Amino acid sequence: MSNPSILILAGDGIGPEVMAQVTRIIDWYGNKRDLTFDVSTDLVGGAAYDAHGVPLHDDTMARAMEVDAVLLGAVGGPKYDDLDFSVKPERGLLRLRKEMDLFSNLRPAQCFDALADFSSLKKDIVAGLDIMIVRELTSGVYFGEPRGIFNEGNERVGINTQRYTESEIERVARSAFDLAMARGKKLCSMEKANVMESGVLWREVVTRVHADYPEVELSHMYADNGAMQLVRAPNQFDVIVTDNLFGDILSDVAAMLTGSLGMLPSASLGAPMDNGRPRAMYEPVHGSAPDITGQAKANPIACILSFAMALRYSFDQGAEADRLEAAIETVLADGLRTADLLGEDGVTPVSTSEMGDAILAALDASL
Ligand code: IPM
Ligand code: MG
């Protein structure tokens, strides 16, 4: 059997810096665990725009459809702020999500014990936090038609459309129920059924799918209340399922509960491919961080944890994913901190590659 394949799209800003550490981890698995991946690389975002005049070349899109998993770094930067909407770096990312049909976006928000002090909330509110947000990723207001800026009388009107079909709601609901079954068997669905028809339908379909998962405790919440509850008492949640736009916002709220955006991975999953693996892309939740690019300050942990999710969800290597996550916990418990994680105690920050070194050493020690 051939090796599983990975396409690395490091992208812009700190993307290539954090991805360099992931590449070392991938090599480690080949050398030490006999788990060899066929890795190829390509451009996305501003990097692709600079080379090809588009944020994602058709050839790259085609390659993404052929591999077992895509690992993406980050896209965007101030250099591209004035570009036309159609060629902005973010469009490259959205095209990958849409054409790979990655409808289920898993965004864990987990508070590492060693980092509970970094949360903007009190430690006792976030300690032990372990939430999974499932965000619908290929529909809703991000993609609904009509959209655009149109002339209407003597002024312009900006239009986006929130649109969900029953099957779109159903498939993401199923993936959330499946996850809830594998975790704490608690699912909270968030929408705005009080003001939006799409929310009414969302609630109805999620309730219907629930019949197939009687063991899961299902609740519904308006998304604004959900935001408040996430900040008030986040530990009440296990799995949350929500639409594309609410998921974008709520996952940033959840991320901040954990102390650092530099720590959070994500997985975007689609339907199974011919080989049974889900179509998949993994990326850190953080962005390209132009303010610290090129300074060796970036925290590679979110990107490395994204590879851990790839081990778990694409490559059926749950034990190896556990090993990698444990190595990261060890390193944090040992007090290693990149610059984003510095509190008041005057710890000297380690560089991006020093964090990589330490994680590799902890992996060695785990053998
Ligand atoms: C995210 C980001 C993206 C989104 C942007 C970069 C298009 O905020 O992945 O959360 O809005 O989905
Ligand atoms: Mg976002």
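Quick caveat: nothing in here was measured; it's all calculated off a predicted structure.

**A word on unusual backbone geometry**
And step 1. A cis geometry characterises the amide bond from E145 onward to P146, with omega recorded as 0°.
And step 2. On the secondary structure map, P146 appears in strand 6 (residues 144-152).
And step 3. In the Ramachandran plot, D101 falls in the positive-phi region, its phi being about 55° despite a non-glycine side chain.
And step 4. Following the sequence through the fold, D101 ends up in the loop between helix 4 (89-99) and strand 4 (104-110).
And step 5. The phi dihedral of K185 falls on the positive side, at around 60°, and the residue is not glycine.
And step 6. Of note, K185 is situated in the loop between helix 6 (166-182) and strand 8 (186-191).
And step 7. A residue is classified by how much of its surface remains accessible, and K185, at 31% relative accessible area, is partly exposed.

**Structural notes on the site of ligand 1**
And step 1. Around ligand 1 lies a shell formed by E90, R97, R107, R135, Y142 and D248.
And step 2. Within the side chain of R97, one N or O atom sits 2.7 Å away from an oxygen atom of ligand 1.
And step 3. Contact between ligand 1 and Y142: an oxygen atom at 2.5 Å from a side-chain N or O atom of the residue.
And step 4. Protein coverage of the free-state accessible area of ligand 1, which is 320 Å², stands at 73%.
And step 5. When the residues that make up the shell around ligand 1 are grouped by side-chain class, the tally is one nonpolar, no polar and five charged.

**As for the domain arrangement of the protein**
And step 1. The domains assigned to the protein are domain 1 (1-104 + 264-367) and domain 2 (130-257).
And step 2. Placing a centre on the C-alpha atoms of domain 1 and another on those of domain 2 gives a separation of 25 Å.
And step 3. The partner domain 2 presents 15 residues to the 13 residues of domain 1 that form the contact.
And step 4. On the domain 1 side of the interface with domain 2, the three residues burying the most area are R97, K98 and F103, jointly 45% of the side's total.
And step 5. For the interface between domain 1 and domain 2, the tally reads one salt bridge.
And step 6. Here D101 and R171 are joined by a salt bridge, their closest N and O atoms 2.9 Å apart.
And step 7. Of all the elements, helix 4 adds the most residues to the side of domain 1 that touches domain 2, at four residues.
And step 8. Looking at the side of domain 1 that touches domain 2 residue by residue, the classes come out as seven nonpolar, two polar and four charged.

**Digging into the side chain of D68**
And step 1. Here D68 shows up in the loop between helix 3 (58-66) and strand 3 (69-74).
And step 2. A distance of 2.9 Å separates a polar side-chain atom of D68 from the backbone nitrogen of S5.
And step 3. A distance of 3.3 Å separates a polar atom in the side chain of D68 from a polar atom in the side chain of R277.
And step 4. Filtering out sequence-adjacent residues up to four positions away, D68 remains in contact with P4, S5, M273, N275, R277, P278, A280, S314 and F315.

**So, the nonpolar core**
And step 1. Core analysis: the biggest nonpolar cluster contains 69 residues, and L71, F307, L324 and I359 have the highest contact counts within it.
And step 2. There are two domains that each give this core at least three residues, and those are domain 1 (1-104 + 264-367) and domain 2 (130-257).
And step 3. If we skip the residues at most four places from it in the chain, F307 touches I6, V22, I25, I26, Y29, F37, L71 and L324.
And step 4. Counting residues in each nonpolar core, the second largest holds 19 residues, with C111, L129, A223 and A254 among its members.

About the cut-offs
Residues numbered from 1 in each chain as written. Chains lettered and ligands numbered in written order. Predicted model: local features only at pLDDT ≥ 70, side-chain atom pairs only at ≥ 80, totals over all residues. Heavy atoms only, no water. Helix = DSSP H or I, 4+ residues; strand = E, 2+ residues; numbered from the N terminus. Buried < 20%, exposed > 50% of the residue type's maximum accessible area, 1.4 Å probe, protein only. Near = heavy atom within 4 Å. Polar contact = N/O pair within 3.5 Å; in protein donor to acceptor, adjacent residues only side chain to side chain. Areas by Shrake-Rupley, 256 points an atom, 1.4 Å probe, with all protein chains shown as cover. Nonpolar A, V, L, I, M, F, W, Y, C, P; charged D, E, K, R; others polar. Domains from an automatic or database assignment. Contact = heavy atoms within 4.5 Å. Buried area = accessible area lost by both parts, 1.4 Å probe. Salt bridge = Lys/Arg side-chain N within 4 Å of Asp/Glu carboxyl O. Core = buried A, V, L, I, M, F, W, Y, C linked by side-chain atoms within 4.5 Å.

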